[in-house]
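Residue-level structure breakdown
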Amino acid sequence: MPVSEVGAGLGVSGDEVPWTELGGWRLTRDADRVTLDGSGSPVDALRLLCSATWTGVATSAITGGSDEARELVKSWNLPEAT
């Protein structure tokens, strides 16, 4: 998907994450928190996380559910969700 299409016409409420799976990654939302799980291109993971933050999820509420996801969250210096 071209970057220009990311977030175009989402029309979602704060309870929804527009994309939940992309390129081997999966997002699971629980209230105001999300867990990134799986593996694949870091760009695809970032697209999913952007879609979550656009719907109101704070960067401090992102958790890595797989080893690769935890490494990405750490490498991007995102605060560790507790």
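This text goes with the structure placed above it.
Scoring rules and cut-offs
Residues numbered from 1 in each chain as written. Predicted model: local features only at pLDDT ≥ 70, side-chain atom pairs only at ≥ 80, totals over all residues. Heavy atoms only, no water. Helix = DSSP H or I, 4+ residues; strand = E, 2+ residues; numbered from the N terminus. Buried < 20%, exposed > 50% of the residue type's maximum accessible area, 1.4 Å probe, protein only. Contact = heavy atoms within 4.5 Å. Areas by Shrake-Rupley, 256 points an atom, 1.4 Å probe, with all protein chains shown as cover. Pairing = 2+ DSSP bridges. Axes fitted to C-alpha atoms, helices over the stretch in contact; angles between N-to-C directions.

Right, let's get into the overall build of the protein chain. Of the regular secondary structure elements, the protein chain holds 2 helices and 4 strands. The secondary structure elements of the protein chain, listed N-terminal to C-terminal, are β-β-β-α-β-α. A burial count over the protein chain gives 29% of its 82 residues as buried. Long-range contacts, defined as pairs at least 24 residues apart, comprise 50% of the intrachain contacts of the protein chain with a sequence gap of at least 6. A total accessible area of about 4800 Å² is found for the protein chain, and carbon and sulfur atoms account for 50% of it.

A separate point is the sheet that holds strand β1 (residues 21–22). Read from one edge of the open sheet, 4 strands run β1-β2-β3-β4, paired in mixed fashion. The open sheet is flanked by β1 and β4 (62–64), the only strands paired with a single partner. Where strand β2 (residues 25–30) and strand β3 (residues 33–38) come together, 6 bridges link them in antiparallel fashion. Across the sheet, L27 pairs through a bridge with L36, a residue of β3. Across the sheet, helix α1 (residues 42–54) touches β1, β2, β3 and β4, and the angle it forms with β2 is around 20 degrees.

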